[in-house]
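# Analysis of the macromolecular model
The lines below spell out each chain.
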Amino acid sequence: MTQRAKTEVEEPEPGRHSDCGAVAETAHRGLSAAEVAERVARGEVNDVPVRSSRSTAEIVRSNVFTRFNAIIGVLFVIILIVGPIQDGLFGFVIVANTGIGIIQELRAKKTLDSLAVVGEARPTVRRDGVAAEIATSEVVLGDVIELGPGDKVIVDGEVLESDSLEVDESLLTGEADPVVKKPGERMMSGSFVVAGGGAFTATKVGREAYAAQLAEEASRFTLVHSELRTGISRILKYVTWMMVPTAIGLILSHLFTLNMAGPEAVRRMVAGIVPMIPEGLVLLTSVAFAIGVVRLGRKQCLVQELPAIEGLARVDVVCLDKTGTLTEGGMDVSALRPLGDSDPVHVQQVLGALGESDPRPNASLQAIIDSYPAVGGWRCTESLPFSSARKYSGAALNGPDGESATWLLGAPDVLLPAGDPVLDEIDELNAQGLRVLLLARSAKELDDPEVGRDVRATALVVLEQRLRPDAADTLRYFAEQGVQAKVISGDNAVSVGAVAGQLGLPGADAPVDARRLPADQEEMAKVLEQGAVFGRVTPQQKRDMVAALQSRGHNVAMTGDGVNDVLALKDADIGVSMGSGSEATRAVAQIVLLNNSFATLPSVVAEGRRVIGNITRVATLFLTKTVYSVLLAILVACWQIPYPYLPRHLTLLSTLTIGIPAFFLALAPNRERARPHFVRRVMRYAIPSGVITGTAAFVTYLLARSYYTGPDALAAETSAATLTLFLTSMWVLAIIARPYSWWRICLVLAMGLAFLVVLVTPWLQSFFELKLVGTTMPWTAVGIAVVAAALLEVVWRLVGRKFPA
């Protein structure tokens, strides 16, 4: 929102036209303190909950009441009834996992909520004749709310004052053209101001407002499209379908074919079902996102939609607005060049009067105001605020000598005809990266649609832009990561190209004037893919350019801070707004850089790549277990033999080869480029790994069945098969942990050491019912695991070459 200090409402000077930005002749003083208190008591407050995250109850509910928690909960209860507690250890693991998920998401919620307060819009409300910024939730029915360029209309109302007020209602109606608002006309919440200013009375607040009725259920914590989430949901759906027939087949074969006792049959059935469930995969995805939010929050980056972390990591084109992104918001007047026989003193006075005529100057006009303050004797009778679509502003001024004239200030190449000799001088200045505005006099009235035609050039105002010191490094980072940067600006193309060239952007030496872009989307996309710098882009063109790039299969991120960026931000795959940007841009963006630093973007990309790369790794671990569990259940049913494991065995193996390692691997640094087709890339490794692991364990089990005899044979067979399964699973972990670092090696070795402790500690042997008998079968089990490990190495290399994702 435009920052305005707390001010008294002033009566306009005698004869000063309200169109020049003064408060209306009969200034609306707003509600009194007593009237505000009365409305608050009646509940007429703007109480729509604007949250940056889910409530605590929703977080707990979403982590506890899941499909697989319900399945595992039922199996846990069954084990508590029929078997020893050690066969129910998987239940305690789920409780711990759920607790971790809740704690991490609550941490993320705390971070999001605190950052949302920092970035929250504060409308300027007039009460007792004093204009002051208040919280959105403190607005009451009947409040007088002031508006300026970029301000979002937060409640429904009726226009009281209009200073060439133009409102964009496209987010509500789909109509792209701004609507001129006059006193008495309706204002709809959810629209935003693109030009001019004014004030309106709140007629509907809270849930009665138009935008609130459209999106009552929407909060800022929204699970937008995420390939990770969608892929994991698809995998879980397939697993659910496999579980039911497998469970039925296992229980029937153990009860009726093998004539096993009921409790023992149930325990073997549970052992076959539980490892099929990749229960920790959903948890680790949520935890990775949540920790990403906390990490970025420490860098003053507000992620309004969690999967936006993933989304920005997937983009291959980032569209940058020059002003406020590559350059800082402020500017300095470096030169004033009168044209023809123009008097420099007179030109300076006109510029000072133009600055005084606009109560909400943009960065360019503010630089002029700072250099040329207003002098007495000038009077504004009518004003035309700057618009991104027009590219100029203006005012009708009466000078000290009583002469009346219409003055315009804006883009020279818009106000002057092609071929005008003044444009050659301007091109030279633009080539130096300077911004040039033309002061021109028009013979037409300010409200004439043709006021910008046939003007008389009076002077050139040369502005120096301040480059962001970190912009060059950020552009270099994107180039190294294979992300194309496209600078899209409303400024002169040559000037924008010069600025981009100073920052080292490839292709900056061939800027494109957007007024010459083809209207056809396909043709526009060809030009956009070839070019890197585009100037004189209108707000609607920015939106069209995003759509054209998306039509070519690009994932597009758009950054911006001005109201002219809103439509493009909304349509881009990921919208990134500066914290100092207009309220409208912050409202539609998924990511808000509260520190206004473009250099924060690489951190977001890196965080997204860490999440995507690590979840892909650990998903392979979890789904390898699912595959070998399904395979073992099928093989056992076909051979009509008892299931080789008890739940306690698989809980131990899952914890050591998947659960603990996956937690650390999911949070580790990872700079791999984000790639699409998550499910395909995971399953191409998980299926062969699961088949090899399951087959190796089953071969050991069959050999052990022919080797051991006697009443304790099944326990010895299980122990041998468990050893093979553990060693082969550990090799899968060792492959996934690559490339190795000291902590990854320590992690793998620690898991192996933990299993060894179980094997040699008597009470742990008894607890887990895991004791190796003799030396022949244990060494056979090791030998089979070595063969399986060699096969895994060969298969992983073949899959990587023959089936690239």
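Rules and cut-offs
Residues numbered from 1 in each chain as written. Predicted model: local features only at pLDDT ≥ 70, side-chain atom pairs only at ≥ 80, totals over all residues. Heavy atoms only, no water. Core = buried A, V, L, I, M, F, W, Y, C linked by side-chain atoms within 4.5 Å. Buried < 20%, exposed > 50% of the residue type's maximum accessible area, 1.4 Å probe, protein only. Helix = DSSP H or I, 4+ residues; strand = E, 2+ residues; numbered from the N terminus. Contact = heavy atoms within 4.5 Å. Axes fitted to C-alpha atoms, helices over the stretch in contact; angles between N-to-C directions. Parallel < 35°, antiparallel > 145°, perpendicular 65-115°, else oblique. Left-handed = near helix turned anticlockwise from the far one by under 90°. Phe/Tyr/Trp six-rings, centres within 6.5 Å; stacked < 30°, edge-to-face > 60°. Polar contact = N/O pair within 3.5 Å; in protein donor to acceptor, adjacent residues only side chain to side chain. pLDDT = per-residue confidence, 0-100.

### Some thoughts on the nonpolar core
- Counting 93 residues, the largest nonpolar core has Ile 615, Val 618, Phe 678 and Phe 755 as the members making the most contacts within it.
- For this core, the leading source of residues is helix H21 (residues 601–639), giving 15 residues.
- The contact partners of Phe 755, leaving out residues within four places of it in the chain, are Leu 652, Leu 653, Leu 656, Thr 722, Leu 723, Phe 726 and Leu 770.
- The next biggest cluster of nonpolar side chains, apart from the first, holds 40 residues, and it includes Cys 301, Leu 320, Val 496 and Val 533.

### Points about the packing of helix H23 (residues 678–707) against helix H24 (residues 713–736)
- Where H23 meets H24, the axes come as close as 8 Å, and the angle between the chain directions of the two elements is 155°. When the axis of H23 is compared with that of H24, the two are roughly antiparallel. H23 and H24 meet at a crossing whose hand is right-handed. Residues Ser 689, Thr 693, Ala 696, Ala 697, Thr 700, Tyr 701, Ala 704 and Arg 705 of H23 touch H24, and the partners they reach there are Leu 714, Glu 717, Ala 720, Ala 721, Thr 724, Leu 725, Thr 728, Ser 729 and Val 732.

### Here's the deal with the packing of aromatic side chains
- Scanning the entire structure with this criterion turns up eleven aromatic pairs.
- Residues Phe 663 and Phe 664 carry aromatic rings whose centres are separated by 6.1 Å and whose planes lie at 90° to one another, so their mutual orientation is edge-to-face.
- A relative accessible area of 45% places Phe 664 in the partly exposed class.
- Three or more aromatic residues joined by ring pairs make a cluster, and in this case those are Tyr 477, Phe 478 and Phe 598.

### Thoughts on the side chain of Thr 285
- One can find Thr 285 in helix H9 (residues 279–297).
- Polar side-chain contacts of Thr 285 include one of 2.8 Å to the backbone oxygen of Leu 281.
- If near-sequence neighbours (up to four positions away) are discounted, Thr 285 is found in contact with Ile 232 and Ile 615.

### Considerations on the confidence of the model for the protein
- When pLDDT is averaged across the protein, the result is 83; 91% of the residues are at 70 or more.
- Within the protein, the lowest mean pLDDT, 40, falls on strand E1 (residues 7–8), and the highest, 95, falls on helix H25 (residues 742–760).
- Contacts from residues 1–18, a stretch scored under 50 in pLDDT, to residues over four places away or in other chains number 48 contacts.
- Below a pLDDT of 50 lies the segment residues 215–224, which in the model reaches 23 contacts outside its immediate sequence neighbourhood of four places, other chains included.

### A look at unusual backbone geometry
- Residue Arg 738 is joined to Pro 739 through a cis peptide bond whose omega torsion reads -5°.
- Within the fold, Pro 739 resides in the loop between H24 and H25.
- Residues other than glycine seldom take positive phi values, yet Gln 640 does so here, at roughly 55°.
- Relative to the elements of secondary structure, Gln 640 occurs in the loop between H21 and helix H22 (647–666).

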